[in-house]
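# Coordinates in review
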Amino acid sequence: MIDQFEALDAIDRHGTTAAAGTALRISQSAVSKRIASLEARLRITVIERRGRGIEITSAGRRLLVRVRP
């Protein structure tokens, strides 16, 4: 589950799944899969896709506040 939180944090810090993947040294697809798994596990939506961009939802922001050191 830590990998999933790291993916969400990286998206927040870098703005895209591709940039998050580069930062985490994994593929963009792996980042997307981690986020999908997190959303399914917690039954909340943590990101919204807006055209080519991504926005962290309010639920995602609350989650980040709780899991960040």
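Scroll up to find the structure this text is about.
Residues numbered from 1 in each chain as written. Predicted model: local features only at pLDDT ≥ 70, side-chain atom pairs only at ≥ 80, totals over all residues. Heavy atoms only, no water.

## Considering the pattern of salt bridges
Defined as follows: Salt bridges are defined as contacts in which a side-chain nitrogen from Lys or Arg sits within 4 Å of a carboxyl oxygen from Asp or Glu. We count a stretch as a helix when DSSP gives it H or I for four or more residues in a row; a strand needs E for two or more, and each element gets its number in order from the N terminus. Exposure classes here rest on a 1.4 Å probe applied to the protein chains alone. A residue is buried below 20% of its type maximum, exposed above 50%, and partly exposed in between.
Going through the model one piece at a time under the given rule, you end up with six salt bridges. For the salt bridge of Asp9 with Arg13, the shortest nitrogen-to-oxygen distance reads 2.8 Å. Linking Asp9 with Arg13, this pair stays in helix H1 (residues 2–14), spanning four residues, or about one helical turn. Taking relative accessible area as the criterion, Asp9 reaches 18% and is therefore assigned buried.

## Brief notes about helix H3 (residues 28–42)
For clarity, the threshold we go by: Each residue after the first adds 1.5 Å to the expected span of a helix. Note that the arc is defined by the directions from the helix axis to the C-beta atoms. In this description, contact between two residues means that some pair of their heavy atoms is separated by no more than 4.5 Å.
The terminal C-alpha atoms of H3, which comprises 15 residues, lie 21 Å apart, in line with the 21 Å expected from a rise of 1.5 Å per residue. For H3, the full list of buried residues reads Val31, Ser32, Ile35, Leu38 and Glu39. Axial view of H3: buried residues confined to an arc of 125°, hence all on one face. Across H3 from its buried face, at more than 90 degrees, point the exposed residues Lys33, Ala40 and Arg41. The elements touched by buried residues of H3 are H1, helix H2 (17–24), strand E1 (47–50) and helix H4 (58–67).

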